[in-house]
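Chain by chain, the residues run as shown.
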Amino acid sequence: MVQMHFSTLDYVIFALLLLLSTGIGLYYAFSGGRQQTTQEFLLADRSMHFLPVALSLLATFQSAVAILGVPAEIYTSGTEYWFLGVSYILGLLIPAHIFIPIFYRLGLTSVYQYLELRFNTATRICGTVTFIFQMVIYMGVVLYAPALALNAVTGFDLWGAVLAVGLVCTLYTALGGLKAVIWTDVFQTVVMFAGQLTVIVVGAWRVGGMGEVWRIAQEGGRISGIDFNPDPFERHTFWTLAFGGIFMMLALYGVNQAQVQRYLSSKTEKEAIKSCYLVFPCQQIVLALGCVMGLVMYAQYRENSPLASGYVKMPDQMVLYFVMDVLQDLPGLPGLFVACLFSGSLSTISSAFNSLATVTMEDLIKPYFPSMTEKKATVLSKLLALGYGIVCLGMAYIASQMGSVLQAALSIFGMVGGPLLGVFCLGIFFPCANSVGALSGLLAGLVMAFWIGIGSLVSKSSSSVPSVNTTAFPQTGNVTMTAMTTLLTTAATKPRLSGLNKFYALSYMWYSAHNSTTVVIVGLLVSLFTGPTKGKDVNPDTIFPVLSSLLFFLPDKYKERLNCGVRFRKKVTNRNSQQYQKPEQECNGCKANGELGNTESEESETLENTQLSNHSTKQQYYHIVHETAL
């Protein structure tokens, strides 16, 4: 394996990234309200405009492993992956018009508070613990794997990079809170765009221009047509990417705490929705940059890939080798791409720290210590962010010792998203679902997710010829390849699969859809057997009326039947504003499980009243019904 080296200027540019990120965190730590309340530390005092929120949402989505993975995927398999952009349409429209209005108007801090308002406390805790498990496993891998790839290609000090990025991220997250995280994300997004554009421009210029790049890619069969094969066991087809990707997007942008927390930090609900809309073109640009970089890389090497030639050992190292090869005569530019790479790591990890601190405080500590003062809660939130930073470094060390088991650790992140999406969909779209059904569905979804995910890994590792339709993981000790959001497939003769092996060959793009559907089906069946919740007993604030919204042209009496007995407020329009008329029987206090009637305890009533009052100081509280035809 050939190893290249950085110049002094490259190290200086990387150091500037860390210093500027730290500076932003310190600025927000000692300016404004100085992070003295939990609202300011965890939600940026609900004062953010849509532009920084949108760029922060984008930065969290664009991790370092995606920057390495997408070009390598395009180089190896062609542009089929580009059709994932089709899923962004519904994958962002649905959160903008369903999830965001519900969560924002309820005045939540943790998205899992919704599960208590709709179901019960046990469902909320199960959702929180599942999310914590998911993020703790993932954040160590996302920190360690890019540093390992960089070390393998350039000799960049492995643990120096891990410690520098981990400590800087912990520092500005613990001191500056969510506002510092969002603004550093904005800066890091600019760095990511600059790094990728630089590589594309210089690489295309060396080949002979973008026209030549496209011609070479076409001759090499890397410009893919539209594959309408409906087989869900095919790794990438139009349907797999365009529709399976919708559920993946919903799990990320609809119900993931790291993303929802940014919506909730917006100044108004309208600003939150605008941020979701702005993410759409930005994501298309990011996807296009990754795909074009893969085509430029193919035009440079064609079939003589650095991997086949022995210059690198793993596919995820190909991008870094390409960058060093193309930019080696331009001091400072390799450092700019490394800054781009670790900007992805910083944005993803800082989001994990902040969201983990938020759910731990709001879901696991505050409900059991109601008398805790605001000052103590704020200090504890900062300590939690600091503690999760230390845990991240510990997980990075564990990742370095895991060897081939690391592939399963990374897969856990994808496995858990689907079941969490399913339990939220069960609550929002199905008024008859009860708390027993929600817990049973979540458990069934998690079991199904781990069964398929781990079964696929075991089936593949026990076979000498990997399945062409499933994710191919390396069988060596070098496991950096596993830390990709887009995982490569080894070209091999398609084996004939049957039984469980066929089941395990399900495309990874359908995992979220399959697992979330399992939660909904099991949850509904259990709810029906144990006594479904009556529509009149459901808090309408926690429900979205799907059928009556889609069939908005029907008379009101028919739409009321479609609402399954849920008493929604009617919209009343006047010259100045649109408000919602209360139902005939107004609740005297909503139960924690989302039902109407007298509260079961003072604590449940206090929880919801506090959440609603948080919003009332900034805008009038509107009801959840949002007449939208998708």
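Up top you'll find the structure we're talking about.
Everything quoted here is computed from the prediction, not taken from an experiment. (Residues numbered from 1 in each chain as written. Predicted model: local features only at pLDDT ≥ 70, side-chain atom pairs only at ≥ 80, totals over all residues. Heavy atoms only, no water.)

Asker: What should I look at first to understand the overall build of the chain in this one?
Answerer: Scanning the chain from terminus to terminus reveals 22 helices and 2 strands. Working note: accessible area of the chain is about 24100 Å², and carbon and sulfur atoms make up 63% of it. (Helix = DSSP H or I, 4+ residues; strand = E, 2+ residues; numbered from the N terminus. Areas by Shrake-Rupley, 256 points an atom, 1.4 Å probe, with all protein chains shown as cover.)

Asker: Please explain helix α3 (residues 50-61) as it appears in this structure.
Answerer: The periodicity of an α-helix, 3.6 residues per turn, causes residues three or four places apart in sequence to face the same way. Look at α3: 17 Å from first C-alpha to last across 12 residues, which is about the 16 Å you get at 1.5 Å a residue. Taking burial as the measure, the 12 residues of α3 include 9 buried ones, the bulk of the element. Buried within α3 we find Pro52, Val53, Ala54, Leu55, Ser56, Leu57, Leu58, Ala59 and Thr60. On its buried face, α3 is in contact with α8 (158-207), α10 (238-253), α11 (257-264), α12 (269-301) and α14 (333-365). (Expected span 1.5 Å × (residues − 1). Buried < 20%, exposed > 50% of the residue type's maximum accessible area, 1.4 Å probe, protein only. Contact = heavy atoms within 4.5 Å.)

Asker: Explanation requested: the pattern of salt bridges in the structure shown.
Answerer: Side chains that differ in charge, positive against negative, can pair when their charged atoms come close. All chains considered together, the criterion is met by 11 salt bridges. Residue Asp329 is joined to Arg206 by a salt bridge in which the shortest nitrogen-to-oxygen separation is 4.0 Å. A residue pair is termed long-range when its members are at least 10 positions apart, and Asp329 in the loop between α13 (318-327) and α14 and Arg206 in helix α8 qualify at 123 residues. A residue is classified by how much of its surface remains accessible, and Asp329, at 55% relative accessible area, is exposed. Two residues, Arg222 and Glu303, come together in a salt bridge whose shortest N-O distance is 3.7 Å. Pair noted here: Arg222 is in the loop between α9 (210-219) and α10 and Glu303 is in the loop between α12 and α13, with a separation of 81 residues, a long-range link. A single salt-bridge network, built from bridges that share partners, covers Glu116, Arg124 and Asp363. (Salt bridge = Lys/Arg side-chain N within 4 Å of Asp/Glu carboxyl O.)

Asker: Sorry, what's going on with the packing of α8 against α14 here?
Answerer: To describe two helices that pack against each other, one gives the angle between their axes and the distance between the axes. The contact between α8 and α14 brings their axes to 5 Å, and the two run at 145°. Between α8 and α14 lies a crossing of left-handed hand. The residue inventory of the contact of α8 with α14, partitioned by class, reads 20 nonpolar, 15 polar and 1 charged. (Axes fitted to C-alpha atoms, helices over the stretch in contact; angles between N-to-C directions. Left-handed = near helix turned anticlockwise from the far one by under 90°. Nonpolar A, V, L, I, M, F, W, Y, C, P; charged D, E, K, R; others polar.)

Asker: In this structure, what is going on with the packing of aromatic side chains? I would like to understand it.
Answerer: Any pair of aromatic rings gets described here by the distance separating the centres and the angle formed by the planes. Evaluation of the coordinates by the stated rule reveals 27 aromatic pairs. Aromatic pair Tyr11 and Phe156: ring centres 5.3 Å apart, planes at 20°, arrangement stacked. Taken together, the residues Tyr11 in helix α1 (residues 8-29) and Phe156 in the loop between α7 (121-154) and α8 connect sequence positions 145 residues apart. Where Phe99 meets Phe103, the ring centres are 6.2 Å apart and the plane angle is 25°; that geometry is what we call stacked. Here Phe103 and Phe99 lie together in helix α5 (residues 88-105), a separation of 4 residues that amounts to about one turn. Given a relative accessible area of 1%, Phe99 falls into the buried group. Accessibility expressed as a relative area gives 1% for Phe103, which makes it buried. (Phe/Tyr/Trp six-rings, centres within 6.5 Å; stacked < 30°, edge-to-face > 60°.)

Asker: Is there a simple way to explain the environment of Val186 in this structure?
Answerer: For Val186, the position within the fold is in helix α8. In this structure the C-alpha to C-alpha distance between Val186 and Ser56, which are 130 residues apart in sequence, comes to 5.9 Å.

Asker: What's the story with the side chain of Ser527 in this structure? I'm lost.
Answerer: Relative to the helices and strands, Ser527 resides in helix α19 (residues 511-530). Overall, the relative accessible area of 0% leaves Ser527 in the buried class. Within polar-contact distance, the side chain of Ser527 engages the backbone oxygen of Gly523 at 2.7 Å. Ignoring any residue separated from it by four or fewer positions in sequence, one finds Ser527 in contact with Cys432, Ala433, Asn434, Gly437 and Pro532. (Polar contact = N/O pair within 3.5 Å; in protein donor to acceptor, adjacent residues only side chain to side chain.)

Asker: Any chance you could explain the environment of Phe233 here in plain terms?
Answerer: Tracing the sequence through the fold places Phe233 in the loop between α9 and α10. Sequence spacing of Phe233 and Tyr504 is 271 residues, and the spatial spacing of their C-alpha atoms is 8.8 Å.

Asker: It is not clear to me how a nonpolar patch on the surface should be interpreted in this structure. Could you clarify?
Answerer: Side chains of Leu9, Val12, Leu16, Leu19 and Leu20 sit close together on the surface and give an oily, nonpolar patch of about 450 Å² of accessible area. Mapped onto the elements, Leu20 comes out in helix α1. Here Leu20 falls in the partly exposed class, since its relative accessible area comes to 45%. (Patch = residues over 30% accessible without salt bridge, like charges linked within 9 Å, V, L, I, M, F, W, Y side chains within 5 Å.)

Asker: Explain the environment of Gly225 here, please?
Answerer: With respect to the secondary-structure elements, Gly225 resides in the loop between α9 and α10. Distance from Gly225 to Thr237, taken between C-alpha atoms, is 9.9 Å for residues 12 residues apart in sequence. Excluding anything up to four places from it in sequence, Gly225 contacts Glu80 and Phe83.

Asker: How should I be thinking about the nonpolar core in this particular structure?
Answerer: Within soluble globular proteins, side chains that are nonpolar generally end up buried alongside one another. If you look at the biggest cluster of nonpolar residues, it comprises 162 residues, and the most contacted ones within it are Phe99, Phe103, Tyr114, Phe337, Phe342 and Phe424. Residues contacting Phe424, with those up to four places away along its chain left out, are Phe103, Val111, Tyr112, Tyr114, Leu115 and Val255. (Core = buried A, V, L, I, M, F, W, Y, C linked by side-chain atoms within 4.5 Å.)

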